Structures are given as structure tokens and as C-alpha cells.
Amino acid sequence: MQNNESVNLTAVTSTAEKKSAKKLEKEKIGFIISTVTVIAFLILWELASRNSWIPPLFISSPTAIAKAAFLMVQDPQFWHHMKISGYEFGVGFLLAVAIGVPMGVFSGWNYYFYSLVNPFISGLYVTPKVSLLPVILIAFGIGTASKIAIVFLMAFFPIVMSAQKAMKTLDQNLIKAARVFTATQLQIFKTVALPSTVPFLLNGIRLGIGQGLIGVVVGEMYAATAGIGFQLTSYGQNLQTDRMFVGVIVITVTGILLTGILGWIEKRFSSWIPEHD
């Protein structure tokens, strides 16, 4: 009997190791393909610029952008604009999380509260946020407050709607089991509902990061006196394409890093997602 159990355990372990090795090999191949693709794109871009297949004024070139980046990072003004954009994004995004998560969770849990807030959430969600920019600027001015408000609006809805969805997908078997053991609504909420929402909340926060970055850049491009978006507008008006691309790359890298960190955390909690038969 013990020999059979030992053989079965060895077989299961061997299968798991093979799957893990196969997954790692697949990821390695994917990484190589992605790297080669990016390098090939940069080479083609450089050739297109050097040979004037496309006017360099429009697309610049990787080498020119690298030179511009080297000069810009030595300029204190560059970091000043970065600091302002970072502050606007950070405060607006944290407000979106602090308000969106509780509102989404509670409206998903309580039907009457859902009925109260859902018309406003649904209405504002489908409203193009750019159309609200003039109103926001009139209310908050062209300073940092208006950009914080824009970031908040952009990031809030993915977060609150993900939280609502999380509460709608709770494992009803766990809730029934908790009620069998005479658990109160508050106990069910704390021990069953909240842990199940974590993966969905992280996904909503990850989506909110991208929307928040769009918000801060659009707001600064629309009306501002500082920030990355302001710099992009200034460089574009002065036909400094290389410097403009540096700003775009900064925003892109920031978004990739933040969403990558949230994606990694999200994977850690993926097993918390309730399964349904």
C-alpha cells in the first residue's frame, strides 16, 4: 500500500515538474520573440529616419531620442515637471482607490445602496471624461487641483466597477455554508465576501493606473503650466520631436512598471477567485 502511494506521489511530482519546465520554456521563447521584435522595430525606425523614407521631423530616430534623453535628465526642469505630474497622478489615483474600493464593495453587497449610486456611476462611466475638462478647469483652475480631479475621474470607474463585479461573483456555496453555521451578515462580509474581491480589485486598480496616466497627460496638455503633458505640448509646438518622444517614453515606461507590479501581485491572489460549477 505504501509503495503504491509512493509511486503515485512520484508520478504526480514528475508531471508537475514537466509542466513547470514546459511553462518556463514557453515563457523564455516568448521573451526572445518579443525582444527580437522590439530590436527589429528600432533598427527599421532608425533606417527609415536616416534614409528619409519618412521625414525625420515627424518621427525623429532612436539615436536622436537617446541623445535628447541624455541631455534632458541633466536638466533640473525635467525633474521639476516629472515631480508635478507624479504628484498629480499619485494624489488623484490614491483618492480613486480610497473612494472607489469601499463604494464598489458596499454597492455590490447592498442592493439598496447599489440602486442609489448606480445611476450616477453608469451615467458618468459612459460620459467621455474629456468633455468634462472645461467644467473641471472652471471649478478647480489650471493648477494641480484640476489634474488631480481628472486623474480621479479617469481611474475611479474601473476600480468601482471591478469591485461591484467582485461582489456579484461570490461563491454562493460558501455563503450558504457560513449561514448554516449561523454566521451573521457582518461575519460573512468580512470572512467570505472581502477576501473574494481581492483579485478583482487588483485588476480594477491595474486598469485604473492606465486610465489615470491618460488623465494626467490629457489634463496637462489641455491647460497647465507644468508637467509632462505640458512639456509634450511645448515640444510639439516647437517641432522638437526627439524631446517629445522622450516624454512619451517616460509615460509608457511608468505605465508598464506600475501595471507590471500590479499584474504580479494579481497573479499571487489569482487562487482567491471563486470557482463556479
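Above: the structure in question.
Scoring rules and cut-offs
- Residues numbered from 1 in each chain as written.
- Predicted model: local features only at pLDDT ≥ 70, side-chain atom pairs only at ≥ 80, totals over all residues.
- Heavy atoms only, no water.
- Helix = DSSP H or I, 4+ residues; strand = E, 2+ residues; numbered from the N terminus.
- Buried < 20%, exposed > 50% of the residue type's maximum accessible area, 1.4 Å probe, protein only.
- Areas by Shrake-Rupley, 256 points an atom, 1.4 Å probe, with all protein chains shown as cover.
- Polar contact = N/O pair within 3.5 Å; in protein donor to acceptor, adjacent residues only side chain to side chain.
- Contact = heavy atoms within 4.5 Å.
- Core = buried A, V, L, I, M, F, W, Y, C linked by side-chain atoms within 4.5 Å.
- Domains from an automatic or database assignment.
- Patch = residues over 30% accessible without salt bridge, like charges linked within 9 Å, V, L, I, M, F, W, Y side chains within 5 Å.
- Salt bridge = Lys/Arg side-chain N within 4 Å of Asp/Glu carboxyl O.
- Phe/Tyr/Trp six-rings, centres within 6.5 Å; stacked < 30°, edge-to-face > 60°.
- Arc of directions from axis to C-beta.

Visitor: Got a minute to help me understand the overall build of the chain in this structure?
Guide: Broken down by element type, the chain carries eleven helices and zero strands. Ordered by position in the sequence, the α and β elements of the chain form the string α-α-α-α-α-α-α-α-α-α-α. Expressed as a percentage of its 277 residues, the buried residues of the chain come to 35%. Surface summary for the chain: the accessible area is close to 17,200 Å², and the carbon and sulfur share equals 69%.

Visitor: Would you mind going over the side chain of Ser 85 with me for this structure?
Guide: Tracing the backbone shows Ser 85 in helix α4 (residues 76–109). At 2.8 Å, the side chain of Ser 85 and the backbone nitrogen of Ile 228 are in polar contact. The residues contacting Ser 85, other than those within four sequence positions of it, are Val 216, Glu 220, Gly 227 and Ile 228.

Visitor: Just checking my understanding: could you explain the nonpolar core for this structure?
Guide: In globular proteins that are soluble, nonpolar side chains generally tend to be buried together. In terms of nonpolar packing, the biggest core is built from 49 residues, with Phe 89, Phe 93, Val 105, Ile 159, Met 167, Ile 209 and Val 246 touching the most fellow members. Top contributing element to this core by residue count: helix α7 (residues 144–168), with twelve residues. The residues that make up this core include at least three from each of domain 1 (1–59) and domain 2 (61–269).

Visitor: Just checking my understanding: could you explain a nonpolar patch on the surface for this structure?
Guide: A cluster of nonpolar side chains, Ile 39, Ile 43, Leu 44, Leu 47, Trp 53, Ile 54, Leu 57, Phe 58 and Leu 239, forms an exposed patch at the surface whose accessible area comes to about 930 Å². Those elements giving two or more residues to the nonpolar patch turn out to be α1 (2–50) and α2 (56–59). Per-element tally for the nonpolar patch: the top contributor is α1, with four residues.

Visitor: How do you make sense of the packing of aromatic side chains when you look at a structure like this?
Guide: Per the counting criterion, the structure on display carries nine aromatic pairs. Where Tyr 125 meets Phe 157, the ring centres are 6.4 Å apart and the plane angle is 55°; that geometry is what we call tilted. Linking Tyr 125 in helix α5 (residues 111–125) with Phe 157 in helix α7, this pair joins segments that are 32 residues apart in sequence. Judged by its relative accessible area of 42%, Tyr 125 falls in the partly exposed class. Between Phe 156 and Phe 157, the ring centres sit 5.1 Å apart and the planes meet at 85°, which makes this aromatic pair edge-to-face. For Phe 156, a relative accessible area of 7% corresponds to the buried category. By relative accessible area, Phe 157 is classed as buried at 3%. Among the aromatic side chains, those forming a connected cluster through ring pairs are Tyr 125, Phe 152, Phe 156 and Phe 157.

Visitor: When you look at helix α6 (residues 133–140) in this model, what are you seeing that I'm missing?
Guide: Note that an α-helix has 3.6 residues per turn; residues three or four places apart therefore point the same way. Restricting attention to buried positions, one finds in α6 the residues Leu 133, Ile 136 and Leu 137. What you see down the axis of α6 is that its buried residues fit within an arc of 100°, all on one side. Away from its buried face by more than 90 degrees, α6 exposes Val 135, Ile 138 and Ala 139. Buried residues belonging to α6 abut α7 and α9 (185–222).

Visitor: Sorry if this is basic, but what is going on with the environment of Leu 170 here?
Guide: Here Leu 170 lies in the loop between α7 and α8 (172–180). The spatial distance from the C-alpha of Leu 170 to the C-alpha of Thr 197 is 8.1 Å, given a sequence separation of 27 residues.

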